[in-house]
Amino acid sequence: MLSHEAVWAALDALATMHRLTPSGLARKSGLDPTSFNKSKRITTANRPRWPSTESIAKALKATGTSLEEYMRLVQETDGTKPHRSSRPANYQLPPASVPLLGFAQAGVGGFFDDGGFPAGQGWEEIQFPAPGSDGVYALKVTGDSMLPLYRQGDVIIVEPGATTHKGDKVVVRTRGGEVMAKILSKRTQKQVELASVNPEHELRVLQIAEIDWIARILWASQ
């Protein structure tokens, strides 16, 4: 009997085999980029949500994978069955492709869902040396508020939905469409204080109601 975990794990394995994140596999399959995200695997009622047969079929077609090969992945990733890997012990997963967007584009509607995850069309792609990172994406820095930490043109990797703490480097998008890279200085139930590395930029204080989403910065290509 197929398990919910194994069916999803096989899709993750399929993405990794083709140097894609789950979001990248969804885009390659002509689906909404969030279709295979972990956040979509459980309903709001905390019940398992299964991928549709149509979405699986599109993923198989997009990657040139047969149904038999996919079912073998399901069996290999099912915790009730032994996993026999043909990979050598020193095998390293290849880098993943993640979606890339400029800061100016990020301020325009249509590129993110309500949780700050990539959605819609118009994204480019870059290689990120950490495969399997579900939902992460890249933004190209503009402006000088994060000098000398980040310069204009640097690319930062962002993880939406991650828990943020004081001192974390974050990207914030306001409901007015402003996108900024800052340091999370303080957060209360009513407001957020955002600091800049560049002393020429003052501390920003935003009300929670003004914020669309906050995402943690994982990595920067400099």
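Residues numbered from 1 in each chain as written. Predicted model: local features only at pLDDT ≥ 70, side-chain atom pairs only at ≥ 80, totals over all residues. Heavy atoms only, no water.

Colleague: Account for the environment of isoleucine 156, with residues named and values stated.
Modeller: Mapping isoleucine 156 onto the fold places it in strand S4 (residues 155–160). Under the relative-accessibility criterion, isoleucine 156 is labelled buried at 0%. Sequence-wise, isoleucine 156 and leucine 218 are 62 residues apart; in three dimensions their C-alpha atoms are separated by 7.5 Å. (Helix = DSSP H or I, 4+ residues; strand = E, 2+ residues; numbered from the N terminus. Buried < 20%, exposed > 50% of the residue type's maximum accessible area, 1.4 Å probe, protein only.)

Colleague: Outline the nonpolar core, supporting the account with residue identities and numerical values.
Modeller: Of all hydrophobic cores here, the largest spans 18 residues; its most connected members are Leu11, Leu14, Leu25, Phe36, Ile56, Ala59 and Tyr70. Tallying contributions element by element places helix H1 (residues 4–17) first for this core, with seven residues. Here leucine 25 is in contact with Leu11, Leu14, Ala15, Leu20, Phe36, Ala59 and Thr63, once residues within four sequence places are set aside. Judged by nonpolar contacts, the second largest core, of 15 residues, contains Val171, Val179, Ala181 and Ala215. (Core = buried A, V, L, I, M, F, W, Y, C linked by side-chain atoms within 4.5 Å. Contact = heavy atoms within 4.5 Å.)

Colleague: Explain the pattern of salt bridges residue by residue, including any values.
Modeller: Tallying each qualifying case throughout the model produces six salt bridges. Note that lysine 58 and glutamate 54 form a salt bridge whose closest N and O atoms lie 3.4 Å from each other. Placement of both lysine 58 and glutamate 54 in helix H3 (residues 53–63) is noted, with a separation of four residues, approximately one turn of the helix. On the basis of relative accessible area, lysine 58 is assigned to the partly exposed category, the value being 33%. (Salt bridge = Lys/Arg side-chain N within 4 Å of Asp/Glu carboxyl O.)

Colleague: Lay out the packing of aromatic side chains with the relevant residues and their values.
Modeller: This structure, assessed with the given rule, holds two aromatic pairs. Here the aromatic rings of tryptophan 8 and phenylalanine 36 are separated by 6.1 Å at their centres, their planes lie at 70°, and the arrangement is edge-to-face. Separated by 28 residues along the polypeptide, tryptophan 8 in helix H1 and phenylalanine 36 in the loop between helix H2 (22–28) and H3 bring together distant segments of the chain. Its relative accessible area of 4% is what places tryptophan 8 among the buried residues. (Phe/Tyr/Trp six-rings, centres within 6.5 Å; stacked < 30°, edge-to-face > 60°.)

Colleague: Would you mind going over the confidence of the model for the protein chain in detail, with residue names and values included?
Modeller: On average, residues of the protein chain score 78 in pLDDT, and 76% of them reach the 70 mark or higher. Confidence scores differ between elements of the protein chain, with helix H5 (residues 103–106) showing the lowest mean pLDDT of 66 and strand S8 (residues 204–207) the highest of 95. Every residue in residues 80–93 scores below 50 in pLDDT, and together they form seven contacts with partners more than four places removed in sequence or on other chains. (pLDDT = per-residue confidence, 0-100.)

Colleague: Let's hear about the pairing of strand S5 (residues 169–174): which residues, and what values?
Modeller: The element S5 is largely enclosed, with a buried count of five among its six residues. In terms of strand pairing, S5 meets strand S6 (residues 179–187) through five bridges, oriented antiparallel. Among the inter-strand pairings, valine 171 is bridged to a residue of S6, identified as alanine 181. The hairpin turn running from S5 into S6, its antiparallel successor, is four residues long, and glycine 177 in that turn takes a positive phi close to 95°. As paired strands, S5 and strand S9 (residues 211–221) are joined by five bridges and run antiparallel to one another. Counted as the bridge partner of valine 170 is arginine 216 from S9. (Pairing = 2+ DSSP bridges.)

Colleague: Tell me about the pairing of S9, residues and numbers included.
Modeller: Judged from the six bridges that link them, S4 and S9 form a sheet pairing that is antiparallel. When the sheet's bridge partners are listed, valine 158 is paired in S9 with isoleucine 217.

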